[in-house]
Structures are given as C-alpha cells and as structure tokens.
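Residue strings, one per chain:
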Amino acid sequence: MNVDFIIHNAQIFTADATQPQAEAIAIKGHKILAVGSDDMVLATRTTNTRLLDAQQRTVMPGFIDSHFHLLLGSQELGDILLYEATSFDDLVDQIREHALTHLHEPWLVGRGVYYSLLPDFTLTRRQLDAIVSDRPLVIFAYDAHTAWANTEALRLAELLENGQTVAPNSEIVQADDGFAHGELREPGAYNPIVDLLPPPSPAQMRRLLKAGLAELAQAGVTSVHNMDGDLAQLNLYVELAQRGELTCRIYVPFDIKPDTPESAMSEAIAMQQLNYANLARGGCVKFFMDGVIETYTGLLTEDYAGQSGNRGSGLFSLDHFSRMATLADKSGLQIFVHAVGDAAVRRTLDGFVRVEQTNGRRDSRHRVEHIELIHQADVSRFQSQGVIASMQPAHAPLMDEGDPWSERIPQTRWNDAFAWQTLQQAGAKLALGSDWPVMTYNPLVGVHRVVTRQPWADALSDQRLSLHDTLIGYTRDAAYAEFQESVKGQLKAGYLADLVLLSDDIFAVPPERIARIYPLLTMCDGRVVYER
C-alpha cells in the first residue's frame with residue numbers, strides 16, 4: 001500500500017470533535033489515510049512517500065469560503081482594480097495610468113471602489129469626465145451594488161436622458177439639470193452599461209479563471225460556495241476539472257431573479273444532477289431579497305438615519321419569493337438568499353416558513369446570506385427553523401475607515417449589526433466566507449476580523465468569536481452548509497484530502513497578527529495545488 005504524502009511534527013487543527021488535535025497526517029490518493037501521533041502516522045510510510053516536517057506549524061482543513069463569485073472575480077482581474085486605492089487622488093491616478101497604457105481598450109472599467117474614498121460617498125459624470133472623456137468609463141463600488149459612469153458611457157447606454165428603470169429596487173440618480181447624475185444604484189440601473197461591455201474571449205476567460213484559481217490556492221482555499229451561476233457556468237468548471245485545471249471545489253447555484261419564470265427551474269434541476277468528481281456540482285438556487293445599506297437599497301424594519309419614511313425596498317414580495325422558493329424546495333434544491341437588511345432577513349425567514357408549510361419539513365439547510373442587520377425578534381428563528389447564517393466577516397466596517405454603513409442606520413440599532421456572537425449563542429450554525437471580489441479572498445483576513453473586532457461604542461455587545469469557533473465556521477460548519485460534512489471540512493481518515501499548512505502555529509500567534517499568517521502549502525483532492 002503506497003502512501004503518497006505525510007506531514008508530521010505539526011500542530012494539527014482537525015476540526016474533528018472526536019479528535020481535535022493531532023501531530024501527523026497521511027494522504028493516499030484523494031483521501032486522508034490516517035491522522036494521529038507522529039509514531040502512528042510515520043509507521044504508514046512507504047518507499048515513495050513524500051515526507052514533510054511542519055516544524056510545529058498549523059495544519060488544518062482547507063478553507064471553505066461559503067460566499068464567493070469565482071467567475072465574476074476572475075473576470076475582473078482584467079479590469080482596473082481599485083481595491084487598494086488609498087485616496088480619491090490615488091484612485092484618479094490609477095484610472096488615468098491604465099487609460100494611457102491601454103489605449104486600445106474601447107471601454108474602461110474600474111472595480112473595487114470604496115464609498116469612503118469618494119466626495120460625499122458618490123461621483124458625478126462630470127467628475128469622471130475630468131478623468132476620462134474620450135472613451136466610456138464606468139467604475140463599480142466594491143460591493144457591486146453601485147456604479148458610476150461618465151457622460152460617454154451613459155450616452156452609449158441611452159441612460160443620459162432616460163431616467164427611468166423598470167427594475168425593482170434600482171435607481172438612475174438624476175441631477176438638477178434633468179440629465180443622469182452619474183450614479184447608478186443596483187444592477188437594474190447599470191445593466192444597460194454592462195450589456196455593452198466587450199466580453200472576454202473563451203481563451204481569455206480560461207486564462208483569467210486559472211489566475212483566480214491560482215490566487216485561491218495560494219490563500220489556502222480549497223472549496224467555494226458560488227453565489228451566482230447557471231448551467232453554462234457549471235459546465236465551464238466541469239471542463240476545467242476534466243482537464244485537471246480546477247484546483248478548488250465549487251458548488252454552483254442557479255440564479256433566480258424577479259423576472260425568472262417558473263419553467264426555468266428545470267435548469268436548476270439539471271444542475272442538481274451534475275457532479276463531476278465532487279469538484280464541480282450543482283444542487284442550489286440563489287435569490288436577492290434586497291440591496292445594501294450603503295445606498296439605502298437594503299430593506300429595513302425602521303427608517304434609515306435621517307431618511308424619514310425610507311426603509312429601502314425588496315426585490316421579491318413575500319408571496320413571490322415563497323412561490324418560487326417552494327418550487328425549488330419541492331425539487332430538493334438548497335436555497336441561498338441575499339438579505340442584508342433586517343426586514344429582508346425577516347421576509348426570507350417568513351418565506352421559509354411558508355415553504356415548509358407547503359412541502360413539509362426536511363433537512364433543507366436553506367441559508368440567509370450576509371445578515372448585516374438583524375432584528376432581535378428574529379435571532380432565535382435560525383436555530384428553530386434550521387436555517388444557516390452565512391456571514392462575511394470583512395463586511396463589518398471598522399469605525400476608523402470612514403465607511404458610510406454605520407451612518408445609514410440609527411445608533412440604537414448598532415447592537416444588531418454583524419451579530420456573529422449573538423446568532424451563535426442563539427444556536428445558529430454559522431458558515432463564514434469572503435464575498436470575493438467584494439472583499440479579499442484571503443480567509444486569514446476574515447479570521448483576523450472576527451477575533452479582533454471591537455464594539456463601535458461603549459455598552460455594545462462583543463460580537464467576536466473564539467479562534468476555534470471561527471475556524472470551524474470556515475471548515476466543518478461550512479461543509480455542513482453544503483451537505484458535505486461527511487466528506488470534507490475535517491481532517492480524519494476517509495475524508496477528502498483538502499488541507500493547508502500555515503506559516504505559523506495560528507493558536508500561538510497574538511490575534512492581531514493573524515492576518516500576517518500565510519499558507520506554505522495547499523492540497524486539494526490529494527494534489528498539492530500551491531507550495532511556497
């Protein structure tokens with residue numbers, strides 16, 4: 001019996017409640033052969049075994065990112081990436097430099113703009129014209145819920161003088177002169193521009209996807225739960241897997257939009273039946289219930305701060321969502337729902353109640369994504385209804401960042417924001433992720449944010465989680481959130497060989513230094529996909 005790989009002399013965090021720690025692990029083929037003491041595991045060594053001394057560093061299950069956009073994030077790698085801009089002037093300089101060095105590009109597209117960098121958290125078409133006026137320019141906020149376009153982009157998309165959008169919860173902001181201001185809120189407003197953007201060729205898309213996958217491997221991520229998709233996208237990942245180029249497992253939903261007909265559910269069912277070597281698979285659907293707090297498109301139970309009568313709006317009514325969700329659940333599909341505001345969370349939970357009343361109770365593991373604000377009356381419903389809280393730690397703003405989020409809701413509601421500890425104590429199962437490309441794909445940044453977060457004001461609840469519980473949210477419970485807890489998310493014999501070797505013992509490092517830790521080796525499906 002050949003043993004392919006052994007890591008020994010390690011501080012192994014197994015995420016296995018029956019054996020939380022170990023010293024060594026042996027890999028054979030796609031699976032874990034043994035986990036235990038150095039003596040026990042080293043006894044399985046054979047002639048061709050690769051032996052790696054971890055030097056007391058942490059070995060743990062590969063990170064599972066429970067909220068991801070692989071195709072979208074990879075495609076954006078070819079655009080102007082503005083995530084690291086430190087000021088408005090820096091942002092302007094980066095766009096101008098790209099424009100000068102890419103004179104052949106018919107459209108200029110920027111990604112990853114933080115609201116806090118912009119004058120009054122917004123931009124006008126005139127300000128963008130001052131940067132680039134001879135070509136269409138559009139830049140997107142980091143959360144992809146807002147875009148800003150120059151005059152040429154608005155003209156080409158026929159939005160400059162047409163201030164109406166029929167899409168729900170979307171707005172083409174108007175200036176006093178009757179023309180478009182330049183700000184486009186939500187996809188329903190900016191999609192006419194997106195429809196004009198030249199798509200990458202198939203060869204370019206494969207190249208960008210491979211670049212995105214390489215970055216994931218370097219970050220120690222071995223599985224992602226995608227948050228957008230269709231059968232064509234799933235087939236693209238299957239093709240990569242068949243060529244041996246898919247270095248991360250991916251779970252792909254079928255997007256259900258407000259205008260999606262009931263007949264389209266057949267595509268979701270076709271995806272449900274597709275599973276290539278447990279690397280690329282379907283079996284879920286995705287809804288958007290609301291927008292985001294920053295642009296007043298998140299659906300709230302109370303008025304926005306300083307916005308009397310404005311509580312946002314929803315993309316689905318309760319009746320519409322319940323009808324479509326019932327169809328999906330009846331086919332055994334898992335349901336993901338983007339719900340940022342507390343009223344959107346409530347509407348989603350109410351819809352799940354109606355689904356169960358119609359179809360009966362089953363182990364559905366339906367999920368609410370984001371939950372940036374929750375009403376205290378709804379906290380216990382996650383445990384009682386068996387609904388998973390899928391949350392993204394890096395979304396929680398730091399008060400010194402100048403982020404508009406905390407200004408949008410009354411301070412009396414701050415205690416209900418990003419309530420990780422509150423939900424966990426109420427018995428909710430948390431699955432953690434990044435929402436890349438909205439936030440960095442680096443899971444250790446997310447871990448750092450969870451264990452070091454400070455309350456925004458005195459007397460507010462401490463929402464930090466322990467390091468152990470945070471890692472469980474990125475491993476064992478993330479696997480549970482996709483019905484895979486019996487095959488991955490833990491380091492134990494018989495499980496899939498997905499693991500990461502870190503640069504340090506993560507439990508020995510001061511919490512404030514966790515974001516500086518990095519993977520030395522990443523293994524997915526028994527194959528080393530990254531090694532430093």
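Scroll up to find the structure.
Not measured: the values here are computed from a predicted model. (Residues numbered from 1 in each chain as written. Predicted model: local features only at pLDDT ≥ 70, side-chain atom pairs only at ≥ 80, totals over all residues. Heavy atoms only, no water.)

**Observations concerning the pattern of salt bridges**
Inspection of the entire model under this criterion finds 32 salt bridges. The partner of Arg126 in a salt bridge is Asp129, and the shortest N-O contact between them spans 4.0 Å. You can see Arg126 and its partner Asp129 sitting in helix α4 (residues 125–129), three residues apart, about one turn around the helix. Here Arg126 falls in the exposed class, since its relative accessible area comes to 55%. Judged by its relative accessible area of 18%, Asp129 falls in the buried class. As a salt-bridge pair, Arg413 and Asp416 come within 3.0 Å of each other at their nearest N and O atoms. For the pair shown, Arg413 and Asp416 are each scored as buried. Residues joined by salt bridges that share partners form a network here, namely Glu302, Asp342, Arg413 and Asp416. (Salt bridge = Lys/Arg side-chain N within 4 Å of Asp/Glu carboxyl O. Helix = DSSP H or I, 4+ residues; strand = E, 2+ residues; numbered from the N terminus. Buried < 20%, exposed > 50% of the residue type's maximum accessible area, 1.4 Å probe, protein only.)

**Observations concerning the packing of helix α10 (residues 318–330) against helix α11 (residues 342–359)**
Relative orientation and spacing of two packed helices are given, respectively, by the angle between their axes and the distance between those axes. Contact pair α10 / α11: the axes reach a minimum separation of 8 Å and the direction vectors enclose 50 degrees. Classified by the interaxial angle, the pair formed by α10 and α11 is oblique. Crossing hand, α10 versus α11: right-handed. When α10 is examined against α11, the residues Leu318, Asp319, Phe321, Ser322, Ala325, Thr326, Asp329 and Lys330 are found in contact with a partner set consisting of Arg347, Thr348, Asp350, Gly351, Phe352, Arg354, Val355, Thr358 and Asn359. When grouped by side-chain class, the residues that make up the contact of α10 with α11 number five nonpolar, six polar and six charged. (Axes fitted to C-alpha atoms, helices over the stretch in contact; angles between N-to-C directions. Parallel < 35°, antiparallel > 145°, perpendicular 65-115°, else oblique. Left-handed = near helix turned anticlockwise from the far one by under 90°. Contact = heavy atoms within 4.5 Å. Nonpolar A, V, L, I, M, F, W, Y, C, P; charged D, E, K, R; others polar.)

**Quick notes on the environment of Asp363**
With respect to the secondary-structure elements, Asp363 resides in the loop between α11 and β20 (367–370). Asp363 sits in the partly exposed class, given a relative accessible area of 44%. What Asp363 contacts, discounting residues up to four positions off in sequence, is Tyr480 and Phe483.

**Considerations on the nonpolar core**
Counting 96 residues, the largest nonpolar core has Tyr237, Val285, Phe287, Phe382 and Leu423 as its most contacted members. Sequence-distant contacts of Tyr237, that is, excluding residues within four places in its chain, are made with Leu70, Leu71, Leu209, Asn226, Leu246, Ile250, Val252 and Ala280. In this structure, Ile139, Val292, Val438 and Met439 belong to the second largest nonpolar core, which totals 26 residues. (Core = buried A, V, L, I, M, F, W, Y, C linked by side-chain atoms within 4.5 Å.)

**Focus on empty space enclosed by the protein**
Taking a probe equal in size to a water molecule and rolling it over the atoms shows the remaining empty space. Applying the stated criterion across every chain, the model contains four cavities of 30 Å³ or more. Within this model, the largest cavity holds a volume of roughly 90 Å³. Taken together, Trp414, Asn415, Ala417, Arg453, Gln454, Pro455, Trp456, Leu460, Ser461, Asp462, Gln463 and Arg464 make up the lining of the largest cavity. Looking at the lining of the largest cavity residue by residue, the classes come out as five nonpolar, four polar and three charged. (1 Å grid on protein atoms, 1.4 Å probe; cavity = no way out; pocket = protein on both sides within 12 Å on 5 of 7 lines; lining within 4 Å. Points joined across faces, edges and corners; volume = space filled by probe spheres on them.)

**Notes on the side chain of Glu294**
Structurally, the position occupied by Glu294 is in the loop between β18 (280–288) and α10. Despite being buried, Glu294 has no salt bridge partner; Arg408 is the closest side chain of opposite charge, sitting 7.2 Å away. Leave out the neighbours within four places in its chain, and Glu294 touches Tyr115, Tyr142, Asp143, Asp403, Pro404, Trp405 and Arg408. (Lys, Arg positive; Asp, Glu negative; His and termini not counted.)

**What to know about unusual backbone geometry**
The linkage connecting Trp436 with the following residue, Pro437, adopts the cis geometry, with an omega of 10 degrees. Within the secondary structure, Pro437 sits in the loop between β22 (430–432) and α15 (443–452). Look at Gln55: it is not a glycine, yet its phi comes out positive at around 55 degrees. In this fold, Gln55 is placed in the loop between β6 (50–53) and β7 (58–61). Even without being glycine, Glu158 reaches a positive phi, approximately 60 degrees.

**Focus: the pairing of strand β24 (residues 519–524)**
For β24, the tally of buried residues reaches six of six residues, placing the bulk of the element in the interior. Pairing geometry for strand β23 (residues 499–502) and β24, over four bridges, is antiparallel. In the strand pairing of β24, Leu502 is matched with Pro519. Relative to strand β25 (residues 527–531), β24 is paired through four bridges, and the arrangement is antiparallel. Paired with Thr522 across the bridge in β25 is Tyr530. Hairpin connection from β24 to β25: two residues lie between these consecutive antiparallel strands, with Asp525 at a positive phi of about 60 degrees. (Pairing = 2+ DSSP bridges.)

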